[in-house]
Amino acid sequence: MVLNYIWIAFFLIAFIVALGKLIFIGDTEVFTEIINTTFETARTGFEISIGLTGVLSLWLGIMKIGEKGGIIQAFSRLASPVFNKLFPGIPKDHPVTGSIFMNLSANLLGLDNAATPMGLKAMQQLQELNKEKDIASDPMIMFLCINASGLTLIPITVMMYRAQMGAANPSDVFLPIMLATFISTLVAVLLICVKQKINLFQKNLILFFGCLSLFIGGLVWLFNSMDPSRISLYSTIFANTFLFIIICSFILCGMRKKLNVYDTFIEGAKEGFKTAVTIIPYLIAILVGIGVFRASGAMDFIIEGIKTGVGYIGIDTQFVEAMPTILMKPLSGSGARGMMIDAMNTYGADSFVGRLASVVQGSTDTTFYVVALYYGSIGVRNTRYTIPCSLLADLAGAIAAITLAYIFFN
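S.K.: Lay out the overall build of the protein in plain terms, naming residues and giving numbers.
M.R.: Secondary structure summary: the protein contains 18 helices and 0 strands in total. For 410 residues, the compact-globule estimate of 2.2 N^0.38 gives 22 Å, and the protein sits close to it at 22 Å. By its C-alpha atoms, the protein is 70 × 50 × 40 Å across when sized along the principal axes. Considering the protein as a whole, with its 410 residues, one finds that 53% of them fall into the buried category. For the protein, long-range pairs separated by at least 24 residues make up 79% of all intrachain contacts whose partners lie at least 6 apart in sequence. With the model as given, the accessible surface of the protein reaches about 18300 Å², and the carbon-plus-sulfur share is 66%. The average position of the 27 basic charges and that of the 25 acidic charges among the side chains of the protein differ by 13 Å.

S.K.: Break down the nonpolar core for me, citing the residues and quoting the values.
M.R.: Counting residues in hydrophobic clusters, the biggest one holds 88 residues, and the most contacted among them are Phe87, Ile100, Met123, Phe143, Leu356 and Tyr375. By residue number, the principal contributor to this core is helix H18 (residues 386–409), which donates 10 residues. Discounting chain neighbours no more than four positions away, the residues touching Phe87 are Ile100, Pro139, Met142, Phe143 and Ile146. Core analysis: the next-biggest nonpolar cluster, separate from the first, contains 16 residues, Ile65, Met102, Ala115 and Phe250 among them.

S.K.: Any details on the packing of aromatic side chains? Residues and values, ideally.
M.R.: Under the definition given, this model contains 9 aromatic pairs. Pairing Phe208 with Phe209 gives two aromatic rings, centres 5.1 Å apart and planes at 70°, and the pair type is edge-to-face. Under the relative-accessibility criterion, Phe208 is labelled partly exposed at 32%. Residues Phe352 and Tyr406 carry aromatic rings whose centres are separated by 4.8 Å and whose planes lie at 50° to one another, so their mutual orientation is tilted. Taken together, the positions of Phe352 in helix H16 (residues 352–363) and Tyr406 in helix H18 put the pair 54 residues apart, joining distant regions of the chain. For Phe352, a relative accessible area of 10% gives the class buried. Judged by relative accessible area, which is 22%, Tyr406 ranks as partly exposed. When the ring centre of Tyr385 is taken as reference, the NZ or CZ atom of Lys195 above it lies at 5.3 Å.

S.K.: Quick rundown of the packing of helix H2 (residues 30–69) against helix H11 (residues 261–278)? Include the residues and the values.
M.R.: Describing two packed helices takes the angle between their axes plus the distance from one axis to the other. Relative to each other, H2 and H11 sit at 140°, their axes nearing to 6 Å. On the basis of their axis angle, the class for H2 and H11 is oblique. Judged by the sense of rotation from one axis to the other, the crossing of H2 with H11 is right-handed. In contact with Ser49, Thr53, Leu56, Ser57, Leu58, Leu60, Gly61, Ile62, Lys64, Ile65 and Lys68 of H2, H11 contributes Val261, Thr264, Phe265, Glu267, Gly268, Ala269, Glu271, Gly272, Phe273, Thr275 and Ala276.

S.K.: An account of the packing of helix H12 (residues 280–295) against helix H17 (residues 367–378) is needed here, citing residue identities and associated values.
M.R.: Two elements in contact, H12 and H17, have axes separated by 9 Å at closest approach and are oriented at 160°. Taken as axis vectors, H12 and H17 run roughly antiparallel relative to one another. Handedness of the H12/H17 crossing: right-handed. Side by side, H12 and H17 meet where Tyr282, Leu283, Ile286 and Ile290 of the first sit next to Phe368, Tyr369, Ala372, Leu373 and Gly376 of the second. By residue class, the composition of the contact of H12 with H17 is 8 nonpolar, 1 polar and no charged.

S.K.: Could you give me a rundown of the pattern of salt bridges, with the residues and numbers involved?
M.R.: Tallied over the entire structure, the rule returns 11 salt bridges. Between Arg384 and Asp138 there is a salt bridge, and its shortest N-O distance comes to 2.9 Å. Of this pair, Arg384 sits in the loop between H17 and H18 while Asp138 sits in helix H6 (residues 138–149), placing them 246 residues apart in sequence. Note on Arg384: relative accessible area 32%, which makes it partly exposed. Overall, Asp138 belongs to the partly exposed group, its relative accessible area being 31%. Taking the shortest distance from any N to any O, the salt bridge between Asp350 and Arg162 comes out at 3.3 Å. One end of the pair, Asp350, is in the loop between helix H15 (333–347) and H16; the other, Arg162, is in helix H7 (residues 156–164), and 188 residues separate them in sequence. Here Asp350 falls in the partly exposed class, since its relative accessible area comes to 31%. Taken together, the shared-partner salt bridges in this structure form one network comprising Lys64, Glu67, Lys121 and Glu271.

S.K.: I'd like a description of the side chain of Arg355, backed by residues and values.
M.R.: Mapped onto the elements, Arg355 comes out in helix H16. The residues touching Arg355, leaving out its near neighbours within four places in the chain, are Arg162, Asp172, Val173, Ala349, Asp350 and Phe409.

S.K.: Would you mind going over the side chain of Asp27 in detail, with residue names and values included?
M.R.: Summarising the element assignment, Asp27 is placed in the loop between helix H1 (2–25) and H2. Asp27 has contacts with Lys21 and Leu22, leaving out every residue within four places of it along the chain.

S.K.: Could you give me a rundown of the confidence of the model for the protein, with the residues and numbers involved?
M.R.: When pLDDT is averaged across the protein, the result is 85; 93% of the residues are at 70 or more. H6 holds the highest mean pLDDT among the elements of the protein, 93, whereas helix H10 (residues 228–256) holds the lowest, 76.

Calculation criteria
- Residues numbered from 1 in each chain as written.
- Predicted model: local features only at pLDDT ≥ 70, side-chain atom pairs only at ≥ 80, totals over all residues.
- Heavy atoms only, no water.
- Helix = DSSP H or I, 4+ residues; strand = E, 2+ residues; numbered from the N terminus.
- Rg over C-alpha atoms; globule rule 2.2 N^0.38 Å.
- Buried < 20%, exposed > 50% of the residue type's maximum accessible area, 1.4 Å probe, protein only.
- Contact = heavy atoms within 4.5 Å.
- Areas by Shrake-Rupley, 256 points an atom, 1.4 Å probe, with all protein chains shown as cover.
- Lys, Arg positive; Asp, Glu negative; His and termini not counted.
- Charge placed at Lys NZ, Arg CZ, Asp CG, Glu CD.
- Core = buried A, V, L, I, M, F, W, Y, C linked by side-chain atoms within 4.5 Å.
- Phe/Tyr/Trp six-rings, centres within 6.5 Å; stacked < 30°, edge-to-face > 60°.
- Lys NZ or Arg CZ within 6 Å of the ring centre and 35° of its normal.
- Axes fitted to C-alpha atoms, helices over the stretch in contact; angles between N-to-C directions.
- Parallel < 35°, antiparallel > 145°, perpendicular 65-115°, else oblique.
- Left-handed = near helix turned anticlockwise from the far one by under 90°.
- Nonpolar A, V, L, I, M, F, W, Y, C, P; charged D, E, K, R; others polar.
- Salt bridge = Lys/Arg side-chain N within 4 Å of Asp/Glu carboxyl O.
- pLDDT = per-residue confidence, 0-100.

Structure follows, in structure tokens:
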């Protein structure tokens, strides 16, 4: 229901803003730009879905081997002490726990191509447990909000773009990103726990979040003491080595169970193809809505309004130049990436604005894309409070990113 109102708002606000520009400014091209954008973003949505087909087929094929080989069940048992508390609606040792564990692990390592198929597999399994098929269940909402908060320990993509834009030290945003995304995810989990009346003071949860905080603190110390030029290299090597170990482990477990590994892979790959086709209309719908909102100039008005307001109350306005990335991040991953690159290109990769835009890009995931993709894959239309909680986590991540940028780079 919330997504329905937001989607309608994109078009109505865009129309009002565009009409105002036509009447008062004489912008005769604005409606042409809007219509052209609908065609472009519709094509982009289709291309993204088709581009996901190969990746989905690959990883759902691998996941099928892991499922029949027993390794997903092993991950379920490993994660159950914590996940049983965070996801009380999931039966103990259910295979979906393993899929969620794999998805979150891939996200932690910045392996988006692997994380998405694993997440879609988890959503399909959660849908099997869901009694009301068109309404998001409590475990789905917790899972989606954690994904939308974008917890990532190794922001490989951001560091890669910074290197391409000529940053002297592409990995200097590593620590701020890790801290900002941790804060965003922690806020998401706390919000959902309060909403779902999950006791936060259970021993397993306190131990888990305490150990996670110590682990992140340890990583901060490790990478802070490491030669900056090696951070990106070691991160990339570790992440991709870990990923290939997963693939080989799944295959070996399938062999141990005496499966026909190839046929099992094909079975899972077919599911990947069906899923990719299913999500096409959902992606096109959300991307067209966002594209129309941007093309009308509504986003520019919001940014200028924020800049004027911040300047009026006497707060330092340096961060406002990174607002396009901040505001675009929940709406469009590619749009936010474009804003980040534009900020580095305009102000310099090593400028305060360039670094802040990079930290923002890595601090959260793209809420509306994640919601459209994951819920669209299983036909859930009523997302309940998924979007409000995810946007609050995005806000926490943005505030953390701005604060940390001032601490580290100003």
